[in-house]
Amino acid sequence: MSAGIIGCGTDSPTSPHRAQIVYVAMGASDAVGIGAFPLENGYVYKIRDGLKQRADEVILYNLGVSGKQVAYIEDTELPTAITRQPDVVTIWAGPNDLIYGNTVEKFENSLNNVLQQLRRQTSAVIVLANIPDLTQLPRFLLVPDADVTIARVIAFNDAIARQAAAYNVPLVDLFAGGYAGDWEYVSLDGFHPSNQGHAKLAELYLDIILDDF
């Protein structure tokens, strides 16, 4: 999924400084850092580094697994995330569900449970990203896919927006930002974020997260 420069948030004298922040990243290949070189240029690791403005120590649990859909996040990543009792959670889900032909309803039900359980069982700052316009990515411009349509992208994003609103979760709006259409943000595989794309993702997440610390 596609979304460079991480230049968000400078330390303010009034910003509280913590001894420790526990950060859990939930998602798929993008959380792993696929598309970035090396993988530690991935957005999750850049968010970790950005959080060091607010704590002496940042502990990262990156639960992302390449190729996984929201049902895996719900069944496998969610219980682990809760046991870590995180201060910060980032989630990026939906692109794989859309590409593999899952229904919006199935996706939204799982996302609802993920957000509901995180709200009930943790006090984390949760930030969610939506889906960029996948139809603008080189992969789907070169080889169109019947499951990858602008109508489905919008329908999935409507579901993400509903759940974000229901649980008061701020949203990184990759669709409105038009990042998929800016190919400097897309890696050579035509699908995942490039180094610049990962850096932009981290910037967008951190702009929201650091407001809460």
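These numbers come from a predicted model, not from an experiment.

Peer 1: What's the story with helix α3 (residues 70–84) in this structure? I'm lost.
Peer 2: In an α-helix, one full turn covers 3.6 residues, which means residues spaced three or four apart are oriented alike. Helix length check: α3, at 15 residues, gives a terminal C-alpha distance of 19 Å against a target of 21 Å (1.5 Å per residue), a fit within 8%. The largest bend in α3 is about 45°, located at glutamate 77, with the proline proline 79 one to four residues further on. Of the residues making up α3, those classed as buried are Val70, Ile73, Glu74, Glu77, Leu78, Ala81 and Ile82. The secondary structure elements touched by the buried residues of α3 are β1 (18–26), α4 (95–99) and α5 (104–121). Downstream of α3 by a residue or two, glutamine 85 has a phi angle that is positive, lying close to 45°.

Peer 1: It is not clear to me how the packing of α5 against helix α7 (residues 150–166) should be interpreted in this structure. Could you clarify?
Peer 2: In helix packing, the relevant descriptors are the interaxial angle and the interaxial distance, both defined with respect to the helix axes. Close contact between α5 and α7 brings their axes to 10 Å; oriented N to C, the two are set at 25°. By the criterion of interaxial angle, the relationship of α5 to α7 is roughly parallel. Helix-helix and strand crossings are classified by hand; for α5 and α7 the assignment is right-handed. Across the interface between the two elements, Val104, Phe107, Glu108, Leu111, Asn112 and Leu115 of α5 pack against Ala155, Phe156, Ala159, Ile160, Arg162, Gln163 and Ala164 of α7. For the contact of α5 with α7, the residue count by class is 9 nonpolar, 2 polar and 2 charged.

Peer 1: Please clarify how the nonpolar core should be interpreted in this entry.
Peer 2: One recurring pattern in soluble globular proteins is that nonpolar side chains are buried together. Ranked by size, the top nonpolar core spans 37 residues in total, and within it Met26, Ile91, Leu118 and Leu134 carry the most contacts. Per element, the largest residue contribution to this core is 6 residues, and it comes from α5. Those residues in contact with isoleucine 91 that sit more than four places away from it in its chain are Met26, Val114, Leu115, Leu118, Ile126, Val127, Leu128, Ala129 and Tyr205. Tyr23, Ala31, Val58 and Phe213 belong to the second-largest nonpolar core, a separate cluster that totals 27 residues.

Peer 1: What am I meant to see in helix α9 (residues 195–209) here?
Peer 2: Given a rise of 1.5 Å per residue, 15 residues ought to cover 21 Å, and the 21 Å separating the end C-alpha atoms of α9 matches this to within 8%. Within α9, 11 of the 15 residues are buried, which leaves it mostly tucked inside the rest of the structure. At its buried positions, α9 is contacted by α1 (29–32), α2 (43–51), β3 (88–92), β4 (125–129), β5 (171–172) and α8 (174–177).

About the cut-offs
- Residues numbered from 1 in each chain as written.
- Predicted model: local features only at pLDDT ≥ 70, side-chain atom pairs only at ≥ 80, totals over all residues.
- Heavy atoms only, no water.
- Helix = DSSP H or I, 4+ residues; strand = E, 2+ residues; numbered from the N terminus.
- Expected span 1.5 Å × (residues − 1).
- Bend = angle between axes of the 7 residues up to and from the residue.
- Buried < 20%, exposed > 50% of the residue type's maximum accessible area, 1.4 Å probe, protein only.
- Contact = heavy atoms within 4.5 Å.
- Axes fitted to C-alpha atoms, helices over the stretch in contact; angles between N-to-C directions.
- Parallel < 35°, antiparallel > 145°, perpendicular 65-115°, else oblique.
- Left-handed = near helix turned anticlockwise from the far one by under 90°.
- Nonpolar A, V, L, I, M, F, W, Y, C, P; charged D, E, K, R; others polar.
- Core = buried A, V, L, I, M, F, W, Y, C linked by side-chain atoms within 4.5 Å.

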